[in-house]
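Notes for the structure review
Given next are the chains, with one letter for each unit.
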Amino acid sequence: MTLSRVASRGKRPKKKPPVRAFVIILALMGVLAVLGLVIFNGLDGQGPKTQTAPEATLAAVKTEEAAELEPTSIRHEVTLWTPPRVDAEAIELTFQYAAPQESSIQVRLQVKPEGAAAYKEAALQNTPDKAAAGKHVYSATWKKAEDGVKAGDKVDLKLSVTAGEAPAAEYEVRNVRFQSREVLRQQVQNYLIYYGDWTDTLVDEVRQKYQMVVLHTQRQITAEQIQRLRGGKDPHDASQAVLVLGYLSVGEDLRTAGMTPEDMKKDSRFVLDGSGPAADPQPGAPYPDGSTIPEDTDILGTMAGSGYAPFYLSDGSSGKAAEPEISRISKAAFVNPGHPAWLEALKTMTKAKDRVSGLSELLGREEGAGYGCDGLFLDTLDTAAPNSFTDSSSANPREFEWTAKGTQELLRKIRSEYPGSLLLANRGLFFYHPDLEAYRYTLRGIVDFVLYDGFKLDSGGGQWYQEAIFHDNKYNYGQKLLAEADRPDGFKVLSLGYAEGPDGDAAKKALQGDRNTARDMLLDDLLEAASLGMVHYSSSAALTEVNSFALEHTPKEPQPPVWGNTKTPAFGKPFAAPREGAQKLERRGKDVYIQWDVAHSNARPVGYTLYVKEGETFRFNKDLAEQSQAVVDLRPEVPSDYAGRGERAGRFPYEAKVEGLTPGKTYFLVIRAKNAAGQYEENRKVMRVVAP
């Protein structure tokens with residue numbers, strides 16, 4: 001799932017990149033496609049099953065992927081699928097209705113706020129007025145704001161469908177709560193990432209255990225199975241619901257996996273206006289060791305006009321500047337995420353015609369299979385990695401750092417057009433590292449989660465992990481990433497470790513409960529990530545292991561924060577020491593600003609409290625709050641000197657203005673870190689200032 005990575009100041013030791021099951025499958029399918037042996041209608045080669053959609057007024061209607069029951073064997077039944085979780089004024093409700101014959105129907109929604117004795121009529125719009133014979137999926141719009149339901153309110157919903165003289169079919173979902181994305185993401189304490197095939201039995205197992213599931217729709221799974229997953233332990237109790245995120249490749253076009261540039265020219269999807277591929281637009285580019293990425297960079301690039309779609313990329317590494325560059329891992333063409341034509345392609349991809357699902361099929365109900373996921377797992381962001389990260393000897397060389405700005409632009413558009421969808425970014429760590437140019441195009445404020453893939457245990461088979469790489473992950477990139485995560489517009493960090501190494505068989509058995517020698521290595525991997533507050537999962541390189549290892553072994557008791565250090569250490573080395581408490585005071589005119597570093601806890605997010613005492617210093621044998629003139633929960637800002645290369649001894653990720661000081665008076669200041677469980681660390685670092 002990753003590319004080879006190097007330190008910001010030089011290339012890392014070469015590391016075998018993880019093997020992605022879906023990428024291997026795509027490559028094999030692409031080769032078979034060239035030989036004319038596969039029809040791209042899904043992995044089973046049978047193509048999607050279709051039915052005739054019934055007429056409806058304003059509601060969307062689509063048929064099930066599973067074989068439809070004979071109408072004569074069907075009773076009037078309705079199932080209200082778990083509503084979306086992200087708050088909005090209007091909520092699209094999706095329900096499955098079974099009818100023995102075509103008929104006119106009436107759809108009704110009732111709502112019961114928490115504490116209310118009875119249901120009341122809800123404001124439901126865009127309802128279907130006809131149902132076709134058989135089992136079909138319909139939608140309607142609940143104008144919840146008109147019913148006075150606000151973010152955080154808990155309600156019960158009852159949907160009923162009446163057809164002719166038949167008794168109404170009803171379905172109740174209790175404990176429905178719509179919340180902000182910020183609240184939802186912090187509630188996720190465990191997750192599963194699984195790229196294997198799904199069965200009904202596996203769906204039932206997984207929905208009992210996990211709060212969030214990442215899956216790849218290219219494998220065998222139906223929309224109905226995804227909705228059963230979303231229903232959680234009890235589909236009638238929304239408090240047990242599961243978030244489901246679908247895979248989307250952002251920086252590589254997996255439709256082209258296994259194809260040569262010559263093959264691509266024969267397919268109109270990969271040609272479009274023929275103006276591509278695009279190259280770095282900066283004069284003198286590409287720059288092997290990297291360069292600046294100015295704000296006025298043309299995100300479309302310089303076009304070669306050699307007969308390919310404009311979103312494909314070329315850096316000359318293949319020796320053919322007029323041809324798209326192909327990833328050595330996925331065997332698919334690299335793309336420029338910022339080109340508008342790529343967004344349009346992403347919207348319309350479907351598994352049936354493209355082998356991979358796009359935005360509309362993953363998130364909606366209308367396009368293709370209509371999976372209706374809660375959000376997206378955004379992969380291949382590392383296409384935009386700094387040029388210095390790879391060279392011709394790397395496992396997957398490319399020099400496309402100029403696309404970082406366009407990558408940010410694409411994700412902004414996805415966030416804007418799909419505001420109710422959760423976004424999980426796989427790696428792209430350079431977007432959060434202040435030493436690197438891509439930091440100015442950070443994805444903070446756009447994504448809800450970041451996955452630290454291969455934080456310690458990597459997917460290579462020769463060794464469990466490389467110590468230098470792990471130290472760089474923990475003491476360099478990890479410190480910066482987690483500092484960004486806990487900003488007001490931050491995100492939640494997940495981690496992924498691999499049960500591979502020199503004894504992959506034993507490691508996989510350990511995931512399933514075997515107490516063997518590999519178990520300790522997996523435990524150490526888990527605890528390293530959990531101590532920093534990352535939500536961990538362990539799997540195989542193919543991501544086909546469903547296991548409870550992280551569920552069973554992640555420490556449940558919160559631990560008080562400990563301080564970290566965002567000063568960039570020598571490559572592969574730990575930082576010298578944590579930087580505790582308040583670190584720096586600056587007078588700016590008549591204002592005073594205080595700066596500090598990041599702290600970590602297994603109960604994130606970590607916040608920071610400022611204690612202000614006038615006249616004399618603090619006595620640490622007494623309660624700090626009782627001695628203070630002011631106690632402030634700080635809202636950290638980004639210091640103006642935080643980003644950019646250079647010595648970081650006097651630079652810190654956080655700062656805040658100290659309010660309420662009287663000119664000429666002396667104050668003593670202490671900052672302490674507090675975790676999500678309300679636990680404080682107890683540093684005794686005091687800073688003194690005379691208010692200007």
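The structure presented is a predicted model; accordingly, all values stated were derived computationally and were not measured. (Residues numbered from 1 in each chain as written. Predicted model: local features only at pLDDT ≥ 70, side-chain atom pairs only at ≥ 80, totals over all residues. Heavy atoms only, no water.)

1. Points about the overall build of the protein chain
For the protein chain, the helix and strand inventory stands at 14 helices and 31 strands. Per-residue burial for the protein chain yields a buried fraction of 58% across its 692 residues. Element-wise, carbon and sulfur atoms account for 49% of the exposed surface of the protein chain, whose accessible area totals about 26500 Å². (Helix = DSSP H or I, 4+ residues; strand = E, 2+ residues; numbered from the N terminus. Buried < 20%, exposed > 50% of the residue type's maximum accessible area, 1.4 Å probe, protein only. Areas by Shrake-Rupley, 256 points an atom, 1.4 Å probe, with all protein chains shown as cover.)

2. Some points on the packing of aromatic side chains
Applying the stated rule across the entire model yields 22 aromatic pairs. Pairing Phe311 with Tyr312 gives two aromatic rings, centres 4.8 Å apart and planes at 65 degrees, and the pair type is edge-to-face. Here the aromatic rings of Tyr608 and Tyr654 are separated by 5.4 Å at their centres, their planes lie at 50 degrees, and the arrangement is tilted. Highlighted residues: Tyr608 in strand S27 (residues 607-614) and Tyr654 in strand S29 (residues 654-658), separated in sequence by 46 residues. In terms of burial, Tyr608 and Tyr654 fall into one category: buried. Cluster of aromatic residues (ring-pair linked, three or more members): Tyr452, Phe455, Tyr465 and Phe470. Above the plane of the ring of Tyr465 lies Lys456, whose end atom (NZ or CZ) is 4.6 Å from the centre. Residue placement shows Lys456 over the ring face of Phe470; its charged tip is 4.9 Å from the ring centre. (Phe/Tyr/Trp six-rings, centres within 6.5 Å; stacked < 30°, edge-to-face > 60°. Lys NZ or Arg CZ within 6 Å of the ring centre and 35° of its normal.)

3. Some details on the pairing of strand S21 (residues 492-498)
Most of S21 is tucked away, with 7 of its 7 residues classed as buried. Taken together, the 5 bridges between strand S20 (residues 449-453) and S21 define a ladder with parallel strand orientation. Bridge pairing in S21 places Leu451 opposite Leu494. A crossover links S20 with its parallel partner S21, the connecting element being helix H10 (residues 467-485), and its sense is right-handed. Of the strand pairs in this sheet, S21 and strand S22 (residues 535-539) are connected by 5 bridges, and their pairing is parallel. Of the residues in S22, the one forming a bridge with Leu496 is Tyr537. (Pairing = 2+ DSSP bridges. Right-handed = clockwise from strand over helix to strand, strands pointing away.)

4. Describing the pattern of salt bridges
Counting across every chain of the model gives 41 salt bridges. A salt bridge links Arg228 to Asp204; the nearest nitrogen and oxygen atoms lie 2.7 Å apart. Of this pair, Arg228 sits in helix H4 (residues 223-231) while Asp204 sits in helix H3 (residues 200-206), placing them 24 residues apart in sequence. The salt bridge partner of Glu614 is Lys665, with a shortest N-O separation of 3.3 Å. (Salt bridge = Lys/Arg side-chain N within 4 Å of Asp/Glu carboxyl O.)

5. A short note on unusual backbone geometry
Of the consecutive residues Ala285 and Pro286, the connecting peptide bond is found in the cis state with omega at 0 degrees. Mapped onto the secondary structure, Pro286 falls in the loop between strand S15 (276-279) and strand S16 (302-308). A positive phi angle, near 55 degrees, is found at Arg427, a position not held by glycine. With respect to the secondary-structure elements, Arg427 resides in the loop between strand S19 (422-426) and S20. For Arg427, a relative accessible area of 1% translates into the label buried.

6. A few points about the packing of helix H6 (residues 340-348) against helix H9 (residues 404-417)
Two elements in contact, H6 and H9, have axes whose closest approach is 11 Å; the angle formed by their N-to-C orientations is 45 degrees. It follows from the interaxial angle that H6 and H9 lie oblique. Pair H6 / H9 crosses with right-handed handedness. Residues Trp342, Leu343, Leu346 and Lys347 of H6 form the contact with H9, whose participating residues are Leu410, Lys413, Ile414 and Glu417. (Axes fitted to C-alpha atoms, helices over the stretch in contact; angles between N-to-C directions. Parallel < 35°, antiparallel > 145°, perpendicular 65-115°, else oblique. Left-handed = near helix turned anticlockwise from the far one by under 90°. Contact = heavy atoms within 4.5 Å.)

7. Regarding the sheet that holds strand S25 (residues 591-596)
Strand order in the open sheet formed by 3 strands is S24-S25-S29, with antiparallel pairing between adjacent strands. Of all the strands in the sheet, the pair left with one neighbour each is strand S24 (582-588) and S29. Averaged over neighbouring strand pairs, the angle between their axes works out to 25 degrees when direction is ignored. Sheet topology note: the S25/S29 ladder contains 5 bridges and is antiparallel. Paired with Gln595 across the bridge in S29 is Glu655.

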